[in-house]
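# Residue-level structural notes
Residue-level listing of the chains:
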Amino acid sequence: MVAPLNADQPAAAGAAPLQALVERARALSEDVQLEAVRAWKAAHPGRIAVGSLPVWAPRELIHAAGGLPVGVRGGGDGVEVVRGDAYFQSYICQLPRSTLELALDGSYDCLDGVIFPSTCDVIRNLSGMWQLLLPGKYVRYLDVPQSLREDLGGRFLEHELRTLRDELGQLAGAPISDDALRASIAAYDAHRRAIEDVYALRAATPWLAPSWELYLVLRAGDVLPVEEHTAMLREYRELAAASGRPMEDQARVVLTGAFCERPPLGLIQTVERSGCAIVDDDLALGLRFIRGDVAPPPDEDPLAALARAFLARGRRCPTMFLPDDAGQAKGEALVEDARRAGAEGVIFAAASFCDPALLDQPMTAKAVEAAGLPSTSFKYAENTGQFQPIREQTGAFADAIKIWSDA
Ligand code: SF4
């Protein structure tokens, strides 16, 4: 049960609009049957809605095809998995089970296609099952480069994106023009800036924008058109900044590892209520994957600019393959994010059996330790219901940070 907004303080001016915005975001984030997508399609006959699994997919291309990009991230703790379990081994993460459950019960019928990025073996295998179980639907496995050299990985990614662009154009019934793609990249650049602005507010004043609330606002973007979600983020930032919520003296932490399978909202609330202020996270890694604007110059192919941005400014994260890196660049990226956000510690929170997150964790934890930042770790599942052990662990972690920082 989520605590009511501002439960512990007098209502400030703007409290009602903020509460209304957060409640709308909550409804959208819990819309696993994609009612908002159905409504969008009814209002835009003939246009396509295309889903994408975590982590990164070029939503700009779907948008440029006149379509609605939709985030597909499983059912969280709101779906009872019955049939989904039958298709997977017991020793992999939860996300594919609830995703398949929703696919099999018709929740994703409104999607004209789904993109499966090469995030991990689970998502790759899910793309194959999709083809078998939902014949006739567009399915695209999107490979991303394993070399960040422009002459190798850059050419490869550009080729992948060009193929995807052609296919999405066919699905939408008209080719995607360069002008349309430039306009879509501009819309997503504005979206990236709006997200970073909210993250900056939270890093500076985490008590004004609690992470459980920000998480709901971010998740609303899974089903909203990008322009509407950008407006929602901007409004949230304004309302949260003016909320007048009282300052809290908590341990400032980065929450990392929860970039794919959605953690239950109660888990984020538990971490915050245990005395940790989350000042950075990778909960919306797909939306923040490319840091900064893509902004193709007028003389550059917009598709090439997108590929170049992925190589140069794509987040060095667990789902990115970096040959011979041994976790160094990923560790440095995590430490850099922690420093920028003014974090005093790092919480590694990976989905159970999440190969990318757990394989990298020893190396990135080492980098965090070398940077003098304490860390702790736990695993979760999207349907985790027992938060007390996590509360005790992160509460003790927060206490330790406070004792060390005061020493
Ligand atoms: S939680 Fe991890 S292992 Fe599971 S689908 Fe996501 S990235 Fe893959």
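Structure: see above.
Residues numbered from 1 in each chain as written. Predicted model: local features only at pLDDT ≥ 70, side-chain atom pairs only at ≥ 80, totals over all residues.

### Observations regarding the pairing of strand S6 (residues 276–281)
Where burial is concerned, most of S6 is hidden: six out of the six residues are buried. The pairing of strand S5 (residues 251–256) with S6 spans five bridges and is parallel. Considered in S6, the bridge of Val 253 is made with Ile 278. Running through helix H10 (residues 265–273), the crossover from S5 to the neighbouring parallel element S6 is right-handed. (Buried ≥ 20, exposed ≤ 12 C-beta atoms within 10 Å, placed from the backbone. Helix = DSSP H or I, 4+ residues; strand = E, 2+ residues; numbered from the N terminus. Pairing = 2+ DSSP bridges. Right-handed = clockwise from strand over helix to strand, strands pointing away.)

### Considering the site of the ligand
With respect to spatial proximity, 14 residues lie near the ligand, and among them Cys 93, Cys 120, Cys 260, Glu 261 and Cys 354 are the closest. Every element with two or more residues in the shell around the ligand is listed here: helix H5 (121–133) and helix H13 (355–370). Ranked by the residues each element gives to the shell around the ligand, the list is headed by H13, at three residues. Residues belonging to the shell around the ligand are distributed by class as follows: eleven nonpolar, one polar and two charged. Here the shell around the ligand spans two domains, since at least three of its residues come from each of domain 1 (32–180) and domain 2 (249–282 + 317–406). (Near = placed C-beta within 6 Å. Nonpolar A, V, L, I, M, F, W, Y, C, P; charged D, E, K, R; others polar. Domains from an automatic or database assignment.)

### Considerations on the nonpolar core
If you look at the biggest cluster of nonpolar residues, it comprises 124 residues, and the most contacted ones within it are Val 37, Ala 49, Val 50, Val 70, Val 217, Val 253 and Val 346. Two domains each donate at least three residues to this core, and these are domain 1 (32–180) and domain 2 (249–282 + 317–406). Setting aside anything within four residues of it in sequence, one finds Ala 49 in contact with Val 37, Trp 40, Lys 41, Gly 67, Leu 68, Val 70, Cys 110, Leu 111 and Asp 112. (Core = buried A, V, L, I, M, F, W, Y, C linked by C-beta atoms within 7 Å. Contact = placed C-beta atoms within 7 Å.)

### Focus on H10
For H10, a buried count of seven out of nine residues is recorded, marking the element as mostly surrounded by other parts of the structure. Residues of H10 that are buried include every one of Leu 265, Leu 267, Ile 268, Gln 269, Thr 270, Val 271 and Glu 272, and no others. Backbone geometry just after H10 places Gly 275 at a positive phi near 115°.

### Let's talk about the environment of Glu 248
Locating Glu 248 in the fold gives a position in the loop between helix H9 (226–241) and S5. Accessibility expressed as a C-beta count within 10 Å gives 13 for Glu 248, which makes it partly exposed. Taking the C-alpha atoms as reference points, Glu 248 and Val 55, 193 residues apart in sequence, are found 33 Å from one another. Here Glu 248 is in contact with Trp 207 and Ala 277, once residues within four sequence places are set aside.

### Notes on the sheet that holds S5
Sheet architecture is open: four strands sit in the order S6-S5-S7-S8, paired in parallel fashion. Two strands lie at the open edges of the sheet, namely S6 and strand S8 (375–380), each paired on one side alone. Ignoring which end each strand starts from, the neighbouring axes of this sheet average 30° apart. Taken together, the six bridges between strand S7 (residues 345–351) and S8 define a ladder with parallel strand orientation. Residue Val 346 lies in a different strand from S8, and its bridge partner there is Ser 375. (Axes fitted to C-alpha atoms, helices over the stretch in contact; angles between N-to-C directions.)

### Some words on the sheet that holds strand S1 (residues 49–52)
Read across the open sheet, the four strands follow the order S2-S1-S3-S4; overall the sheet is parallel. One side of each edge strand has no neighbouring strand; the edge strands of this open sheet are strand S2 (68–71) and strand S4 (138–142). Each strand axis lies, on average, 25° off the axis of its neighbour in the sheet, ignoring direction. Alignment of S1 against S2, held across four bridges, turns out to be parallel. The residue of S2 that forms the bridge with Ser 52 is Gly 71. Along the sheet, H5 makes contact with strand S3 (113–117) and S4, crossing S3 at roughly 155°.

### Structural notes on the environment of Arg 340
If you trace the backbone, Arg 340 turns up in helix H12 (residues 328–341). Distance in space between the C-alpha atoms of Arg 340 and Ala 43 is 42 Å, their sequence separation being 297 residues.

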